[in-house]
Each structure stands twice: as structure tokens, then as C-alpha cells.
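Residue strings, one per chain:
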Amino acid sequence: MATPATAPDQGAAESTTGALSQLIQEANDRGITYQEMADRGIDEETGAKLPKQWYQKLVKTPPVNPPSPTQMHAIASAIGKPFRRVQEATAQQWLLYEATELAGYDEEVRIIVGHLAGKSKAELLQWRMMIEAAERAKREAGE
């Protein structure tokens, strides 16, 4: 049906780099310099910013303590990711917590998935086939 919205990034399982460090490294690999991160990484509520060296250090030698919520907001702005994604990466790196909820989906989808939790493989397959058949019928009807 749907994969968790917080599914790990490709290659994350093999990496020894922490999840937040990896998010920052990926942004850098996409062409966002550490200076650009420092320039645009602003917490909207407090105006707090993190220096360029902070981003570099997080990738090379992460600190013992996780960033604060204010710092996480700045990081999210800096790398162009949702705060929720930065928060999850922080929890994964410092608390070894893997989020599995369906973030990003509305209440209806969560309720449906909740009803399917705990069903047998046969029941899950039956529901999947019914959903796929309904979608196929809509397409064939031109809807």
C-alpha cells in the first residue's frame, strides 16, 4: 500500500554516519555550501542562526548532544527539508529512534492503515487486491 513517510534514505542502512549528519551531507552533495546553509538557516520564531562551522562539524565530528528545537528549525531552513524530517533524523542519530508513523498522510489514511494493522498476510493481500481492482476499474471507466 504505502511506505512509511519516514522511510530511510537510500544507503542509510549501510552508512555509519548519523541520520542528521547524513541529511546535511546530502544537501552539501546537492550543491548547498556550508556558507549557504549558515546564511539561510534561520529559526523563524527566534531568528537564531548556526555558523558555517557548526554544519561542517556536524558532518565530520558530530557533537555528543543533539541540536535543540530552535537549532533543528534553523537546520530545516538551511537544507530545505521539513522540520519533521530533521526532527526524525535527530531522534534517529542521538536516540536510535526510528519513526514509523505515517507522517504526511491525512486522518482517513491513518484510520485505514490502523484497521489493517495486525491482519494476516492473506487478509492484507485481499485488501490490496480489492484496492488495486477498484483503481483499475476507475481507470478503465475513464474516471
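Residues numbered from 1 in each chain as written. Predicted model: local features only at pLDDT ≥ 70, side-chain atom pairs only at ≥ 80, totals over all residues. Heavy atoms only, no water.

(A) Broad picture of the overall build of the chain. Across its full length, the chain holds seven helices and zero strands. Listing each helix as α and each strand as β along the chain from the N terminus yields α-α-α-α-α-α-α. Once local pairs closer than 6 in sequence are excluded, the contacts in the chain between residues at least 24 apart make up 55%. Counting every atom, the chain has about 9,600 Å² of accessible surface; 54% of that belongs to carbon and sulfur. (Helix = DSSP H or I, 4+ residues; strand = E, 2+ residues; numbered from the N terminus. Contact = heavy atoms within 4.5 Å. Areas by Shrake-Rupley, 256 points an atom, 1.4 Å probe, with all protein chains shown as cover.)

(B) Layout of helix H1 (residues 19–29). Turning to H1, its buried residues number three or more, namely Ala19, Leu20, Ser21, Gln22, Leu23, Ile24 and Ala27. One or two steps after H1, the chain reaches glycine 31, where phi turns positive at roughly 110°. (Buried < 20%, exposed > 50% of the residue type's maximum accessible area, 1.4 Å probe, protein only.)

(C) Main features of the packing of aromatic side chains. According to the stated counting rule, one finds one aromatic pair in the structure shown. Pairing tryptophan 54 with tyrosine 55 gives two aromatic rings, centres 5.9 Å apart and planes at 80°, and the pair type is edge-to-face. With respect to burial, tryptophan 54 and tyrosine 55 carry one shared label: buried. (Phe/Tyr/Trp six-rings, centres within 6.5 Å; stacked < 30°, edge-to-face > 60°.)

(D) Expanded view of helix H5 (residues 83–95). Here H5 spans 17 Å end to end across 13 residues, near enough to the 18 Å set by a 1.5 Å rise per residue. Considered for burial, the residues of H5 that qualify are Arg85, Val86, Glu88, Ala89, Thr90, Ala91, Gln93 and Trp94. Buried residues along H5 sit against H1, helix H3 (52–60) and helix H4 (69–79). Directly after H5, the chain includes leucine 96, whose backbone phi takes a positive value near 55°. (Expected span 1.5 Å × (residues − 1).)

(E) Expanded view of the packing of H1 against H3. Two elements in contact, H1 and H3, have axes whose closest approach is 8 Å; the angle formed by their N-to-C orientations is 120°. Looking at the two axes, H1 sits oblique to H3. Crossing hand, H1 versus H3: left-handed. Contacts between H1 and H3 involve Leu20, Ser21, Ile24 and Gln25 from the former and Tyr55, Leu58 and Val59 from the latter. (Axes fitted to C-alpha atoms, helices over the stretch in contact; angles between N-to-C directions. Parallel < 35°, antiparallel > 145°, perpendicular 65-115°, else oblique. Left-handed = near helix turned anticlockwise from the far one by under 90°.)

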